[in-house]
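Structure at a glance
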Amino acid sequence: MDEKKAAILGEIPRLRRYARSLLRDRDSADDLVQDCLERALMRLDNWQTGESPRRWLFTIMHHLFIDQMRKVNRRGEAAMLPLEAGEAVAQPAEQLDGIASREIIDALQAISPDRRAALVMVAIEGFSYAEAANMLGVPAGTLMSRIARGREELRGLLDDTARRRAIRIVEK
Amino acid sequence: MIRRDFSERDIHMALDGELPPDERAAYDAWLDANPEMKARSARFTADREALRSAFAGVLDEPVPARLRKVVLGEAPVKAAVPRSRWWLAAAAAVLLATGGFGGYFAGIDGIAQEDPAEDRLAEQAIAAHVIYAAEKRHAVEVPASDKDHLQTWLSNRVGLKLVAPDLTANGFQLVGGRLLPAGDSKAAMLLYEDDKGERISLFVTAESVENAKGTYASAQDGPQAVYWLDKGYGCAVVGSLPREQLAVVAKNAYGQLLAGLAS
């Protein structure tokens, strides 16, 4: 096995985590990773050797994700607001660690794809602002405002969920 | 120590490791002096920990064989599936956004006003088609074998007298139907299949208030919708057939639907 392929194989767990945070459903997320790997292998020459393929692969996957979201909905992020996190989900049950994780995963799915991607790249994947802005193809200022708004939105959704849970308990 | 004004923006920068090290002490002092900001910082930190731990397990999962095979060049010839399933997840998000939460959605900054009713109808119909026409065993809630019940049930729920068109002349048999959300109201979806397994669906809602007709495709290579809107109802026929063929089937279906509505 050549070095390039070995390096790409080593990135699969990270790519899967990023895809899972974007799409939630495991099979859908792995489909996205598969599309990304297929595209990457077709364009192996685009990867500067000597560098980690991580950023290159994340960039490919992110663009696949965003392009498709835009195609699905020409109106872009505005229409991507299934805001009732936790009730919007008609997905098969996943192996999740408890209510807290499920709630935050639901909330993350409910924020706009652009904000979700920005927040995840920095907060979960640990990329710097400069790296993330470069991969997402936006200016650093745009990245920062997406992160800030993403965090605010996430907080609001989690608060709503907690409030509803409290109301439900009271009603019992 | 550097003196400057800090703001909420610095909370994000500090959390993300982007605050210059020589500003850290001043920032910490600012936080201590601003309990509200300190609480916000603590909350964002806690949310980040929750996010990280929610997805931490993914790194420990074994890499699926199909992904290894792609990289190692052992992948079998790609299946003749037009698109990967993650597309469906994206389509589902649209369906949920435009359908399930129409009420909430319409309230946000007038976004709904920018969105012509016919586009909305066609997009809902296409999203539903992409999801359910791909389902082998769970495509419909009520099968064609129970056609009378299907028609009565959907008519009652949607609020229109719904007669499932007979499309055998076009080579399509009724598979069955299901009830779906459509904006503030409900829609009926009727699914048909030909002998090669090609599927088309009819999407009917009682919601529309304007007159329009046309064709619509949400993706370059995705299914198309032929739709009509009239006072009191909207109808879309969705499929991946060649455009002319879809138009012929749609016309037949629409004629029969209209006759049914008036019956």
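What counts and what doesn't
Residues numbered from 1 in each chain as written. Chains lettered and ligands numbered in written order. Predicted model: local features only at pLDDT ≥ 70, side-chain atom pairs only at ≥ 80, totals over all residues. Heavy atoms only, no water. Helix = DSSP H or I, 4+ residues; strand = E, 2+ residues; numbered from the N terminus. Buried < 20%, exposed > 50% of the residue type's maximum accessible area, 1.4 Å probe, protein only. Contact = heavy atoms within 4.5 Å. Areas by Shrake-Rupley, 256 points an atom, 1.4 Å probe, with all protein chains shown as cover. pLDDT = per-residue confidence, 0-100. Phe/Tyr/Trp six-rings, centres within 6.5 Å; stacked < 30°, edge-to-face > 60°. Salt bridge = Lys/Arg side-chain N within 4 Å of Asp/Glu carboxyl O. Polar contact = N/O pair within 3.5 Å; in protein donor to acceptor, adjacent residues only side chain to side chain.

1. Focus: the overall build of chain B
Within chain B, the regular secondary structure consists of nine helices and seven strands. Relative to its full complement of 263 residues, chain B shows a buried share of 49%. Counting contacts in chain B only where the partners sit at least 6 residues apart, residues at least 24 apart contribute 57% of the total. For chain B, the accessible area works out to roughly 12,900 Å², and carbon and sulfur atoms hold 52% of it.

2. Quick notes on the overall build of chain A
Counting its secondary structure elements, chain A contains seven helices and zero strands. In sequence order, chain A lays out its α and β elements as α-α-α-α-α-α-α. Expressed as a percentage of its 172 residues, the buried residues of chain A come to 56%. Partitioning the intrachain contacts of chain A with sequence separation of at least 6 by distance along the chain shows that 72% fall at a separation of at least 24. For chain A, the accessible area works out to roughly 7,500 Å², and carbon and sulfur atoms hold 48% of it.

3. A closer look at the environment of B:Ala188
Residue and element names in this part refer to chain B. Looking at where alanine 188 falls in the secondary structure, it is placed in strand β3 (residues 185-193). For alanine 188, a relative accessible area of 1% puts it in the buried group. A C-alpha to C-alpha distance of 9.4 Å links alanine 188 and alanine 206, two positions 18 residues apart in sequence. Other than its neighbours up to four places away in sequence, alanine 188 contacts Leu154, Val158, Leu162, Arg178, Leu202, Phe203 and Val204.

4. Section: the confidence of the model for chain A
Model confidence for chain A is summarised by a mean pLDDT of 80, while 79% of its residues fall at 70 or above. With pLDDT under 50 throughout, residues 74-96 of chain A is counted as low confidence; its partners more than four residues away or in other chains account for 62 contacts.

5. Section: the packing of aromatic side chains
Taken as a whole and judged by the stated rule, the model has six aromatic pairs over all chains. Residues A:Tyr18 and A:Phe58 carry aromatic rings whose centres are separated by 5.1 Å and whose planes lie at 35 degrees to one another, so their mutual orientation is tilted. Of this pair, A:Tyr18 sits in helix α1 (residues 3-23) while A:Phe58 sits in helix α3 (residues 54-72), and the two are 40 residues apart along the sequence. For A:Phe58, a relative accessible area of 0% corresponds to the buried category. Pairing B:Trp228 with B:Tyr254 gives two aromatic rings, centres 4.1 Å apart and planes at 5 degrees, and the pair type is stacked. Separated by 26 residues along the polypeptide, B:Trp228 in strand β6 (residues 224-230) and B:Tyr254 in helix α9 (residues 243-262) bring together distant segments of the chain. Per residue, the accessibility class of B:Trp228 equals that of B:Tyr254, and both read buried. By the ring-pair criterion, three or more aromatic residues cluster together here, those being A:Tyr18, A:Phe58 and A:Phe127.

6. Structural notes on the pattern of salt bridges
A complete count under the given rule lists 23 salt bridges over all chains for this structure. We note a salt bridge from A:Glu131 to A:Arg55, for which the minimum N-O separation is 4.0 Å. You can see A:Glu131 sitting in helix α6 (residues 129-136) and its partner A:Arg55 sitting in helix α3, a full 76 residues away along the chain. Under the relative-accessibility criterion, A:Arg55 is labelled partly exposed at 39%. Each member of the salt-bridge network shares a partner with another, and the members are A:Arg16, A:Arg20, A:Arg26, A:Asp30 and B:Glu61.

7. Some details on the side chain of A:Gln34
Mapped onto the secondary structure, A:Gln34 falls in helix α2 (residues 26-42). The exposure class of A:Gln34 is buried, given its relative accessible area of 17%. A distance of 2.6 Å separates a polar atom in the side chain of A:Gln34 from a polar atom in the side chain of B:Arg66. Not counting chain neighbours up to four residues away, the residues in contact with A:Gln34 comprise B:Arg66, B:Leu67 and B:Val70.

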